[in-house]
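Now for the letters of each chain:
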Amino acid sequence: MTEEALAVPVADLRPALEAILMVADEPLDDLALASAVGYPEPEVTEALHALATEYDDQGRGFELRKVAGGWRFYTREEFSPVVEAFVLEGQQARLTQAALETLAVVAYQQPVSRARVSAVRGVNVDGVMRTLLNRGLLEEAGEDGEHGATLYRTTTYFLERIGIQSLDELPELAPHLPDLDEMEPPQADAGQDQT
């Protein structure tokens, strides 16, 4: 195959890079981006610099910066008051049912990993956990020694918002759980000896 047959227009590369960077939650280096979009690293590097320059020239509300060894979108500094007002207004918004359920799981099982919260709720909680972290209701609480997963706990702001001094004041869960006699007894495995 010739080099010409392998060439793909840069117009396709740039939107691919934008799409990846839009969802990235940490800076991505040139090699990681090249892997993600399937282009050679030098072409990706050139396209990233061109995008950054283009956003600057157009005066967009965001910019593409290389920070901490990787690329990431940031709000332009001159728009920080607008973003701050928007974020603070969002802080006053009520929590969704999903956020309340996630917060309850963390409150009663802390410190707890995202995977454990997802297992209890039966759904992926990544987005909800990010919201609760951004609102200051949850915080990181170290790592699980066995798996290395980040653990989370509620904050003092959480206690303040629900009007209690400590987690000891949370209501008991037992009254809200089904009685043991309402639950079906576990079925014995037919292949085991019953002694």
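Look up: the structure comes first, before these words.
What you are looking at is a predicted structure, and each value in this text was computed from that prediction instead of being measured.

Rules used in this analysis
Each chain has its residues counted from 1, running along the sequence as written. Local features in this predicted model are restricted to residues of pLDDT 70 or higher, and side-chain atom pairs are both shown and tallied only at a pLDDT of 80 or more, whereas totals for entire chains, interfaces and linings draw on every residue. With hydrogens and water stripped out, all remaining heavy atoms of the structure feed into the side-chain values. In this analysis, strands are considered paired if DSSP registers two or more bridges between them. In DSSP terms, a helix is any run of H or I states spanning at least four residues, a strand is any run of E spanning at least two, and both are numbered starting from the N terminus. Only protein chains enter the area calculation, which uses a 1.4 Å probe; residues under 20% of their type maximum are buried, those over 50% are exposed, and those in between are partly exposed. Our arc is simply the arc of the directions from the helix axis toward the C-beta atoms. In this analysis, two residues are considered to be in contact whenever any of their non-hydrogen atoms come within 4.5 Å of each other. Working convention: axes come from line fits to C-alpha atoms, limited for helices to the stretch in contact. Angles between N-to-C directions cover 0 to 180 degrees. Convention used here: angles under 35 degrees read as roughly parallel, angles over 145 as roughly antiparallel, angles from 65 to 115 as roughly perpendicular, and any remaining angle as oblique. Any residue that is not Ala, Val, Leu, Ile, Met, Phe, Trp, Tyr, Cys, Pro, Asp, Glu, Lys or Arg is counted as polar, Gly included; the first ten are nonpolar and the last four charged. Note on definitions: salt bridges are taken to be side-chain nitrogens of Lys or Arg within 4 Å of carboxyl oxygens of Asp or Glu.

**Q** Tell me about the pairing of strand 4 (residues 138–143), and please be specific about residues and values.
**A** In this structure, strand 4 lies alongside strand 5 (residues 150–154), joined through four bridges in antiparallel fashion. The residue of strand 5 that forms the bridge with Glu139 is Arg153.

**Q** Which residues make up helix 8 (residues 126–134), and what are the values?
**A** Buried residues of helix 8: Val128, Met129 and Leu132, and no others. Taken down its axis, helix 8 places every buried residue within 100 degrees of arc, on the same side. Close packing links the buried residues of helix 8 with helix 6 (97–109), helix 7 (114–121), strand 4 and strand 5. Just downstream of helix 8, Gly136 is the residue with a positive phi angle, here 80 degrees.

**Q** Explain the packing of helix 6 against helix 8 residue by residue, including any values.
**A** Between helix 6 and helix 8, whose axes approach to 10 Å, the crossing angle comes to 80 degrees. One element, helix 6, and the other, helix 8, form an angle in the roughly perpendicular class. Here Ala98, Ala99, Thr102, Leu103 and Val106 of helix 6 lie close against helix 8, whose contacting residues are Val128, Met129 and Leu132. Here the contact of helix 6 with helix 8 is built from residues that sort into seven nonpolar, one polar and no charged.

**Q** Summarise the pairing of strand 2 (residues 70–75); cite the residues concerned and give the values.
**A** Here strand 1 (residues 62–67) pairs with strand 2 via six bridges, running antiparallel. Bridging across to strand 2, Arg65 finds its partner in Arg72.

**Q** Run through the pattern of salt bridges, naming residues and quoting values.
**A** Taken as a whole and judged by the stated rule, the model has eight salt bridges. In this structure, Arg14 engages Glu54 in a salt bridge whose closest nitrogen and oxygen atoms are separated by 3.0 Å. On the criterion of sequence distance, the pair formed by Arg14 in helix 2 (residues 10–23) and Glu54 in helix 4 (residues 41–58) is long-range, its members being 40 residues apart. For the salt bridge of Glu101 with Arg121, the shortest nitrogen-to-oxygen distance reads 3.0 Å. Placement of the pair is Glu101 in helix 6 and Arg121 in helix 7, with a sequence separation of 20 residues. Where salt bridges share partners, they join Asp56, Glu63, Arg65 and Arg76 into one cluster.

**Q** Provide a residue-level description of the sheet that holds strand 3 (residues 112–113), including the pertinent values.
**A** A sheet is described by the order of its strands in space; here three strands give the open sequence 3-5-4, paired in antiparallel fashion. Only two strands of the sheet have a single partner each, and these edge strands are strand 3 and strand 4. Relative to strand 5, helix 6 is tilted by about 95 degrees, and along the sheet it contacts strand 3, strand 4 and strand 5. Of the strands in this sheet, strand 4 and strand 5 are in contact with helix 8, which crosses strand 4 at around 110 degrees.

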